[in-house]
Structure formats: structure tokens, C-alpha cells
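Here's the letter readout for the chains.
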Amino acid sequence: MNSFLGILVLCCCIIGGPVRAYTRINEEDLHTSLMTGYNKDIRPGLDRGTPLTINLIFFLYSINDFDLNTGKFSITAIFSLRWQDERLSWDPASYNQTDYIAIPQYRLWLPNLLNINPYDDITELRKAELAIGVKNSGECSWFALNTFDVVCDADVTKYPFDSQTCSLKFYIWGYRSNELKAMFLTPKVQFSLFSENGIWEVTDSATYIDIDVNNFETLVIKFDLKRRAPYYIVSLILPIISVSFLIGFVFLLPAESGERVGFSTTSLLSVIVYLTIIQDILPESSEPNVSTLGYILVTYVIIGSIVVIEVIISLWIQSQPSHKPIPKCILRMILCSQKKRKNNNVERFDTKQESDFYDMKDDVTWVDVLKIFDKWCFFTTMIVFFVSSLIYFCTVLI
């Protein structure tokens, strides 16, 4: 029976780790002993000529918000700090093998870590409700959970295919570099606790120490962000391109159908209405550049306006009586285009060909003028549409 109990206790120790036998009384005695004579205003370190080393790890928990209009970048993260405080070391054997204790942080010395690029007020990590984990060796572990709202200058040139770089900057206030030495244990932000954001993807990160012009150490946590574009492609890019693409096809409608003005104005109004709907989505930032999407939308509106004018001109041409003479300049362009279709080597109209010109002009009617005008307007509109769209996508995707 005793052998069985011994094996059971051994299994429990292997599975659950060492059994802590200390009591509340032991922990209270240890707490009283550590806090007696402890001065939280004095930094740890017996040798004042050696800087105190603080080891840092930054854990990203979530991206809360990134407002491109105001430049507010908000995240929730955990700052892990570890340092050695020889005043908080003890012999576990003196306290019934007590090797760890949690002490409220307002009772201990803490590095005064300040966020120096906040969106609103300057914030610090110290919160009275948190606790510091202390090992018997004197190693202090501080896991500071906080929400950081910082300023991030956004570049919206390629919106919604944009990438952004945002940084958090911290000072350890009140100490010189020869008194306190900060060191990141990892070169990148840790994402083991991170919950993915639906809008932004973190493509890269970095944690490093920068020295400013005053020789102060600045703790920098940098994030490279890329916008998840599929939603904007489906709800923003494709609809506006589809509506704008239809504008040029108004010239394929028969002029006598009477639908040209209605089709062109409806298409133009659709683009304008869609522009007003999405203006709340588009960022208002003009620094360093306005969003290229804004330029392409204005281009589509201008194309639609020109098409409406061309439709009105085409209806004016259609309404001309057949006996009304066609202006000589227009007649020359029509005859040139007809001659090009017959012969690739077009001869120039000169004084020797004036007789041929007057013989051919009777064969040209206002219907021919309308056909050439419609064809020219259709191809020019489609070329301008495709070229402007190609320039936009090359600008934002390359």
C-alpha cells in the first residue's frame, strides 16, 4: 500500500510539476521581509557604475483602429520587461521553498516608460492594478497590458492598394544611457497572442533601439501594414469601372431611337451618384498625395460630361436638313477618311484635285457625317477610358 501511494505521488509530481508546500503565512512573512526598508524611488543595482539592463519583448494583441483621415493608429499590446532587483532576492529554504511572489507594481521600482508619439496625451505603462512577478533570484517580470493610440502619417496615394508603416516610440524617462540599458530580446514583434485584423495585414515588424540627437535611447516598435483589398475591389473598383465602361456605347445606339440623351445622362449621373456614396470611404488626407482613386473617378466624370456634349452634337447633326450644304472643312475630313479606306497611300488635296473634290462632295450627306462622328467619338471615348484605367492600375499595383 505504501509503495502504491509513493508511485502515485511520484506520478503527480512528474505530470503537475513540483508541489508547492508553502502556506499563506510563509508568503506574508516573505512579503513583509522584502518590503521592509525597500525604497521604490531608487533604481536597482549595487554597482552604480554599471547600467541596469532591462530586457524587452513586445507582444501584439490586436489592431483596434487605423483612421487614415486623422492619422490615429490604435493597438492593444503587452510589453514584457524583465530586470534584476537584488533587493528582492531571498533564500527559498527560509520560507518553506517559496520561490515566487506577486507584488503590486505601485510598491516596487519600475522603469518610467513613456509613449512619446501619442495621438492624445502622453501615456505611461504603469497601472496601479497590475502586479510584478518576482523570483527568488530577484528577477522581476512585468507584463504591461495597454492600449496605445499613436500618430501615424499615412500615404493614401495607392488607396485601396496601399501599404503603411507605423511606429510606436518610447522613452525610459529620467535615466541616462550609463544608468539604464534597454535591450530587445527579439528583433521582431511577437504574434503568439495576435488576433488577425479584417482590414490590415501585418507584413513585417521590427523592434530596435534608436539614439536621438540628445543621446537618449528611443525604443522603437515598427509595423509594416498592407490593406486587405478584395472588399474594396468588389464593392468599389469593379462597380465604378463597369458603369464608366458603358458610357462610350451610347454611340452604338441608333440616333433615331431617341435614347442617346437618356442613356448618356443616366450613365453620367450613375458615376456622380456613386462618387458621392463612396466619398465617405475615401480618405481626405492630402499629404503627401491625394488618393489616385480620386483622380480616376474625376476622370470618369469628365469623360461622361464630354460624352453628353458629343451626344448633343450628334443629335444636332442628325437634325440637319439634307439640302443644307456641309461645311468645306468637314467635307474634306469625310472625303479623306473615305479615301483612306480605299487606299492606304492617301494623296494630299491640292489645287490640281479641286475638280475631283467638287465632283465627290455631292456624294457626301449629313448621314455620312453622323456615322463618321459616331465612330470617332466611340473609339476616342474607349481609348481614353482604357488608357486612364491602365495608368491607374499601373500606378497602384507597381
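Going by the structure above, here's the rest.
Residues numbered from 1 in each chain as written. Predicted model: local features only at pLDDT ≥ 70, side-chain atom pairs only at ≥ 80, totals over all residues. Heavy atoms only, no water.

## Comments concerning the overall build of the protein chain
Along its length, the protein chain carries eight helices and eleven strands. Taking all 398 residues of the protein chain together, the buried fraction comes to 40%. A sequence separation of at least 24 residues applies to 76% of the contacts in the protein chain between residues at least 6 apart. Entry remark: accessible area of the protein chain is about 22,600 Å², with carbon and sulfur atoms responsible for 59%. (Helix = DSSP H or I, 4+ residues; strand = E, 2+ residues; numbered from the N terminus. Buried < 20%, exposed > 50% of the residue type's maximum accessible area, 1.4 Å probe, protein only. Contact = heavy atoms within 4.5 Å. Areas by Shrake-Rupley, 256 points an atom, 1.4 Å probe, with all protein chains shown as cover.)

## Some words on the side chain of Ser-141
Residue position: Ser-141 is located in strand β7 (residues 139-151). Since its relative accessible area comes to 10%, Ser-141 is described here as buried. Among the polar contacts listed, one links the side chain of Ser-141 to the side chain of Arg-82, at a separation of 3.3 Å. Leaving out residues up to four positions away in the same chain, Ser-141 has contacts with Leu-81, Arg-82, Ile-132 and Gly-133. (Polar contact = N/O pair within 3.5 Å; in protein donor to acceptor, adjacent residues only side chain to side chain.)

## What to know about the layout of surface pockets
One number sums up the size of the largest pocket: a volume of about 320 Å³. Taken together, 13 residues make up the lining of the largest pocket; nearest its centre are Met-333, Ile-334, Ile-372, Phe-373 and Trp-376. Secondary-structure elements contributing two or more residues to the lining of the largest pocket are α5 (292-318), α6 (328-342) and α8 (366-397). With seven residues, the single largest contributor to the lining of the largest pocket is α8. Residues of the lining of the largest pocket, tallied by class, amount to twelve nonpolar, no polar and one charged. (1 Å grid on protein atoms, 1.4 Å probe; cavity = no way out; pocket = protein on both sides within 12 Å on 5 of 7 lines; lining within 4 Å. Points joined across faces, edges and corners; volume = space filled by probe spheres on them. Nonpolar A, V, L, I, M, F, W, Y, C, P; charged D, E, K, R; others polar.)

## Observations regarding the sheet that holds strand β10 (residues 200-211)
Taken in spatial order, the five strands line up as β5-β4-β8-β11-β10 in an open sheet, and their pairing is antiparallel. Across the chains shown, the open sheet's two edge strands, defined by having one partner strand only, are β5 (123-124) and β10. With three bridges connecting them, strand β4 (residues 113-115) and strand β8 (residues 163-172) associate as antiparallel partners. Bridging across to β8, Asn-115 finds its partner in Phe-170. (Pairing = 2+ DSSP bridges.)

## Regarding the environment of Tyr-208
On the secondary structure map, Tyr-208 appears in strand β10. For Tyr-208 and Phe-184, which are 24 residues apart along the polypeptide, the C-alpha to C-alpha distance reads 6.7 Å. Tyr-208 has contacts with Phe-184, Thr-218, Leu-219 and Val-220, leaving out every residue within four places of it along the chain.

## As for helix α2 (residues 24-35)
Because an α-helix packs 3.6 residues into every turn, residues spaced three or four apart end up facing the same way. Counted at 1.5 Å a residue, the expected span for α2 with its twelve residues is 16 Å, and the 16 Å between its end C-alpha atoms agrees. Turning to α2, its buried residues are Asn-26, Leu-30, His-31, Leu-34 and Met-35. For α2, the arc enclosing every buried residue in end-on projection is 150 degrees, short of the 170-degree limit, so these residues lie on one face. Tucked into the core, α2 has its buried residues touching β3 (100-104). (Expected span 1.5 Å × (residues − 1). Arc of directions from axis to C-beta.)

## Details of helix α3 (residues 230-245)
Helix geometry: α3 is bent most strongly at Ile-237, by close to 30 degrees, with proline Pro-239 lying one to four residues after it. Of the positions making up α3, those classed as buried are Tyr-232, Leu-236, Ile-237, Ile-240, Ile-241 and Ser-244. (Bend = angle between axes of the 7 residues up to and from the residue.)

## With respect to unusual backbone geometry
A cis amide bond links Tyr-159 with the next residue in sequence, Pro-160, at an omega value of 5 degrees. Mapped onto the elements of the fold, Pro-160 is located in the loop between β7 and β8. We note that Asn-96 has phi near 55 degrees; this positive angle belongs to a residue other than glycine. Inspection of the secondary structure assignment puts Asn-96 in the loop between β2 (72-84) and β3. Of note, Gln-97 is a non-glycine position whose phi angle comes to about 65 degrees, a positive value. Checked against the element boundaries, Gln-97 lands in the loop between β2 and β3. Since its relative accessible area comes to 52%, Gln-97 is described here as exposed.

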